[in-house]
Amino acid sequence: MPSSARLQALQTIQDRAATPVTSPGPLEDLWASDVFSLAAMKSALPKAVFKSLQRTITRGGKLDTSVADVVAQAMKDWATSRGALYYAHVFYPLTNLTAEKHDGFIAPQSDGSVISEFTGKLLVQGEPDGSSFPNGGIRSTFEARGYTAWDVTSPAYLMQTPNGTTLCIPTVFVSWTGEALDKKTPLLRSNAAMDRQAQRLLALLGETEIAPVNSSCGAEQEYFLVDAAFTALRPDLQLAGRTLFGAPPAKGQQFDDHYFGAIPERVQVFMQDVEHQLYRLGVPAKTRHNEVAPGQFEIAPFHEAANVATDHQQLIMTVLKATAKKHGFTCLLHEKPFAGVNGSGKHVNWSIGNSTQGNLLDPGSTPHENLQFLLFCGAVIRGVHQYGPLMRAAIATASNDHRLGANEAPPAIISVYLGSQLEDVFGQIRSGSLQGSAKAALMSLGVDTLPDLNKDPGDRNRTSPFAFTGNRFEFRAVGSGQSVAGPLVVLNTVLADSIQWIADQLEQKLQGGLPLEEAAFAVLQRTMEEHGAVVFGGDGYSAEWHQMAVEQRGLENLRTSADALPVLQRPEIRALFERTGVLSAVELESRFEVYAEQYNLAIDVEAKLVLRMARTQIYPAVMASLEQLAGSISMQESLGLVVDRSLLEQMAALTQQLLSACEGLQEVLAATPADAHQHLRHCADVLLPLMSGVRGAVDALEGLVDDEQWPLPTYQEMLFQR
């Protein structure tokens, strides 16, 4: 029988019933009902004001200050008519979390009364403390001023909770001196940089009507659900988001019976509740299903403009966690909450396009469209080869390190998977002779021949970190708890740089008198000669690929965040961000400082938790079990019985191993280096192996200690009880 606390938790779970969710009515009535959308603006604003605001949203540029007061009044009226008493500037600091500053629609009057007030100035700008968020030295306590500024391209919305309704206004977050302290500002800049270069390349291809080019994103969110009664007994889940101890159960995911299986009733009710809330917020949640690991699930939205998709992704994480509490669950967004079973990613499906040329990474049906596609796809290949280490740095966190390279996640070596047909086509381009594709007919461009390119030009490769999937690339290495803004900033920026390089080469050849088709072919050939090493369609897990990638192709294998984060300080990376206007040298350095500190702090917290749990929970339970076992053996021996003492001796040896491992970890924790680089290496090379040593002893003891004495909910209980 389990320990009393575990027994009570199990009983609580057995007695739980699915929380009923009332049907909210037709989807058409529910959809975006809590969003101050373009449709809501159109009905609430004067025609001239709406057109001015719409131009700003669709074409970019500054908001006309003369309309701010009118918009603010209409937004306030819309929000207060739905019960909102407060508004919040919502921003996204460098923590992967969402931050909010709430203010009331209240203005005291001289006669002691109050009025409801919301001006254009209050809408457009707020002022939170700039020094209380991670900022890498940009802001100090004695220079704390920071500003939030309304991002007009991302719609305001109402967040409804049992405690009331709040108008939420997505904003950027910058310092008093103008540096970006958030994830949204660089994302907007990166999109603008990519837009400039994409429009230039399209013009060289003969396009005359070119709408603004935007990146798009659809992020598949994976997560675990654990009953809250278990979480209450696991300090590691509460503070670290993952289990620091836990022996593997007899059954895990080896039967492949959870993936796409029937969704448990209680979980399905939770999912429906989440979706109803997301639909009200205009978040296009499309797919839900069981994932591979027991207790693991996924929600995936339709593609949206990258900036809005990023904001919506933050909302998805917020709603998942809040709604889980309502249903008696804890939602775990850690990349590897349970050792030995699949971890959780957030596969970022990324593409670029506009309203005039469409999706620029979509193989077309005409020679011109295919030429356009191949040039943009070539730019992606060059960008990944040139800046693969930067892409690895963009997904570097302490939690994601536990997942990368395992049997469900891509390796830390960044490569591009194209599918057999596209890989064949680009291989022919590299060789200088296009003979056509084995899977499609030929089409003439007048000089060369290009094959028809199918929508799905090859199989899927789950071992690739960056795979072409028909009309977009899927960045599979992004972690489930991350904001997608960081990876999108990197993808947009490296693409902007590569499109500029391709446009420069193409322009030079066109000026030299080459026809467009010949010039484009020459540029693509050079691209593949110099950067084709990054294309790989085989098994990314194999030892042969790891050796080939590093020794023959010159790709980097940055296994840990301690290896990857210093990439942000390389001169070529600083130059990339500065020339594209996405991040200044100061802003980039601040990000290294923040992300390195977050990594170090995460490992430090886990190490302290390992010690505390081992000493205050595991050791007492082991000693109680040892005492009980030793007493039983003594009693049997006093009766003259022959007793096998091997279990007692094995437990005693593991207990001594546990104590020694804890002592070693304690000594190292007391000698933390001050230098950021040395601290990174200390965490990766010293602390984590010592923590693993403590865990090894604890997990072995779990299989020997009397179940009545074991204090922690087990993997079997947490993964299969819901």
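Since this is a predicted model, take the numbers as computed values, not measurements.

Considering the overall build of the chain
Turning to step 1, where the next piece is worked out: On a plain count of helices and strands, the chain comes out with 23 helices and 20 strands.
Turning to step 2, where the next piece is worked out: Computed over C-alpha atoms, the radius of gyration of the chain comes to 28 Å, within 12% of the 27 Å expected from 2.2 N^0.38 for 722 residues, which places it in the range of a compact globule.
Turning to step 3, where the next piece is worked out: Across the 722 residues of the chain, 55% fall into the buried class.
Turning to step 4, where the next piece is worked out: Contacts spanning at least 24 positions in sequence make up 75% of the contacts within the chain whose residues lie at least 6 apart.
Turning to step 5, where the next piece is worked out: Carbon and sulfur atoms make up 52% of the accessible area of the chain, which totals about 29400 Å².
Turning to step 6, where the next piece is worked out: The positive charge centre, built from 56 side chains, and the negative charge centre, built from 79, are 4 Å apart in the chain.

Focus on helix 4 (residues 47–59)
Turning to step 1, where the next piece is worked out: End to end, helix 4 covers 18 Å across 13 residues, agreeing with the expected 18 Å (1.5 Å per residue, within 8%).
Turning to step 2, where the next piece is worked out: Taken together, the buried positions of helix 4 are occupied by Val49, Phe50, Ser52, Leu53 and Thr56. Projected down its long axis, helix 4 carries its buried residues within an arc of 165°, all on one side. Opposite the packed face of helix 4, turned more than 90 degrees from it, sit the exposed residues Lys47, Ala48 and Arg59.

A closer look at the side chain of asparagine 342
Turning to step 1, where the next piece is worked out: With respect to the helices, strands and loops of the structure, asparagine 342 is situated in the loop between strand 13 (329–332) and strand 14 (346–354).
Turning to step 2, where the next piece is worked out: At 2.8 Å, the side chain of asparagine 342 and the side chain of glutamine 253 are in polar contact.

Examining the pairing of strand 1 (residues 84–91)
Where a strand is regular, its side chains alternate between the two sheet faces.
Turning to step 1, where the next piece is worked out: Within strand 1, six of the eight residues are buried, which leaves the element mostly enclosed by the surrounding structure.
Turning to step 2, where the next piece is worked out: Bridge count between strand 1 and strand 8 (residues 164–175): six bridges; the pairing is parallel. Among the inter-strand pairings, tyrosine 87 is bridged to a residue of strand 8, identified as leucine 167.
Turning to step 3, where the next piece is worked out: As paired elements, strand 1 and strand 2 (residues 99–104) share six bridges and run antiparallel to each other. Across the sheet, residue histidine 89 finds its bridge partner in strand 2, namely lysine 101.

What about the nonpolar core?
A general feature of soluble globular proteins is that nonpolar side chains tend to end up buried together.
Turning to step 1, where the next piece is worked out: Trp350, Leu418, Phe426, Phe466, Phe473, Leu506 and Val694 are the most contacted members of the largest nonpolar core, which has 135 residues in total.
Turning to step 2, where the next piece is worked out: The greatest single-element share of this core, amounting to 17 residues, is contributed by helix 20 (residues 585–638).
Turning to step 3, where the next piece is worked out: Once you skip the residues sitting within four places of it in the chain, phenylalanine 473 turns out to touch Val348, Asn349, Trp350, Leu361, Cys377, Val380, Val416, Tyr417, Leu418, Phe466, Ala467 and Phe468.

So, the packing of aromatic side chains
Turning to step 1, where the next piece is worked out: Within this structure, the stated rule accounts for 18 aromatic pairs.
Turning to step 2, where the next piece is worked out: Aromatic pair phenylalanine 338 and tyrosine 715: ring centres 5.2 Å apart, planes at 90°, arrangement edge-to-face. With phenylalanine 338 in the loop between strand 13 and strand 14 and tyrosine 715 in helix 23 (residues 715–720), this residue pair connects regions lying 377 residues apart in the sequence.
Turning to step 3, where the next piece is worked out: These aromatic residues form a ring-pair network of at least three members: Trp350, Phe373, Phe466, Phe468, Phe473 and Phe475.
Turning to step 4, where the next piece is worked out: The cationic tip of arginine 266 hangs over the ring face of phenylalanine 329; the distance from NZ or CZ to the ring centre is 3.9 Å.

Concerning the packing of helix 7 (residues 184–204) against helix 15 (residues 485–511)
Turning to step 1, where the next piece is worked out: Remark: helix 7 packs on helix 15, axes separated minimally by 8 Å, with the N-to-C direction vectors making an angle of 25°. The angle between helix 7 and helix 15 falls in the class roughly parallel. For helix 7 against helix 15, the interelement crossing comes out left-handed.
Turning to step 2, where the next piece is worked out: Grouping the constituent residues of the contact of helix 7 with helix 15 by class yields 17 nonpolar, six polar and three charged.

Thoughts on helix 10 (residues 265–280)
Turning to step 1, where the next piece is worked out: In this model helix 10 runs 23 Å from its N-terminal to its C-terminal C-alpha over 16 residues, within 8% of the 22 Å that 1.5 Å per residue would give.
Turning to step 2, where the next piece is worked out: Listing the buried residues of helix 10 in full gives Arg266, Val267, Val269, Phe270, Met271, Asp273, Val274, Glu275, His276, Leu278 and Tyr279.

Re unusual backbone geometry
Turning to step 1, where the next piece is worked out: One non-glycine residue, asparagine 96, adopts positive backbone phi at about 70°.
Turning to step 2, where the next piece is worked out: Assessed through its relative accessible area of 15%, asparagine 96 is described here as buried.
Turning to step 3, where the next piece is worked out: One non-glycine residue, phenylalanine 260, lies in the positive phi region at around 60°.
Turning to step 4, where the next piece is worked out: Note that phenylalanine 260 resides in the loop between helix 9 (235–239) and helix 10.

As for a nonpolar patch on the surface
Turning to step 1, where the next piece is worked out: Taken together, the side chains of Met635, Leu639 and Leu641 define a hydrophobic patch exposed on the protein surface, amounting to about 320 Å² of accessible area.
Turning to step 2, where the next piece is worked out: Mapped onto the elements, methionine 635 comes out in helix 20.
Turning to step 3, where the next piece is worked out: Its relative accessible area of 45% is what places methionine 635 among the partly exposed residues.

Looking at the side chain of threonine 243
Turning to step 1, where the next piece is worked out: With respect to the helices, strands and loops of the structure, threonine 243 is situated in the loop between helix 9 and helix 10.
Turning to step 2, where the next piece is worked out: There is a polar contact of 2.6 Å between the side chain of threonine 243 and the backbone oxygen of proline 337.
Turning to step 3, where the next piece is worked out: Within the structure, the side chain of threonine 243 is placed 2.6 Å from the side chain of tyrosine 715, a separation counted as a polar contact.
Turning to step 4, where the next piece is worked out: Setting aside residues up to four positions removed in sequence, threonine 243 forms contacts with Arg234, Asp236, Leu237, Pro337, Phe338, Ala339, Arg695, Tyr715 and Met718.

Looking at the environment of asparagine 191
Turning to step 1, where the next piece is worked out: Examined against the element boundaries, asparagine 191 turns out to sit in helix 7.
Turning to step 2, where the next piece is worked out: Along the sequence, asparagine 191 and glutamine 296 sit 105 residues apart, while their C-alpha atoms lie 33 Å from each other.
Turning to step 3, where the next piece is worked out: Those residues in contact with asparagine 191 that lie beyond four places of it in its chain are Val213, Asn214, Ser215 and Asn492.

So, how was this worked out
Residues numbered from 1 in each chain as written. Predicted model: local features only at pLDDT ≥ 70, side-chain atom pairs only at ≥ 80, totals over all residues. Heavy atoms only, no water. Helix = DSSP H or I, 4+ residues; strand = E, 2+ residues; numbered from the N terminus. Rg over C-alpha atoms; globule rule 2.2 N^0.38 Å. Buried < 20%, exposed > 50% of the residue type's maximum accessible area, 1.4 Å probe, protein only. Contact = heavy atoms within 4.5 Å. Areas by Shrake-Rupley, 256 points an atom, 1.4 Å probe, with all protein chains shown as cover. Lys, Arg positive; Asp, Glu negative; His and termini not counted. Charge placed at Lys NZ, Arg CZ, Asp CG, Glu CD. Expected span 1.5 Å × (residues − 1). Arc of directions from axis to C-beta. Polar contact = N/O pair within 3.5 Å; in protein donor to acceptor, adjacent residues only side chain to side chain. Pairing = 2+ DSSP bridges. Core = buried A, V, L, I, M, F, W, Y, C linked by side-chain atoms within 4.5 Å. Phe/Tyr/Trp six-rings, centres within 6.5 Å; stacked < 30°, edge-to-face > 60°. Lys NZ or Arg CZ within 6 Å of the ring centre and 35° of its normal. Axes fitted to C-alpha atoms, helices over the stretch in contact; angles between N-to-C directions. Parallel < 35°, antiparallel > 145°, perpendicular 65-115°, else oblique. Left-handed = near helix turned anticlockwise from the far one by under 90°. Nonpolar A, V, L, I, M, F, W, Y, C, P; charged D, E, K, R; others polar. Patch = residues over 30% accessible without salt bridge, like charges linked within 9 Å, V, L, I, M, F, W, Y side chains within 5 Å. Salt bridge = Lys/Arg side-chain N within 4 Å of Asp/Glu carboxyl O.

Shape is all these values report; function is a separate question.
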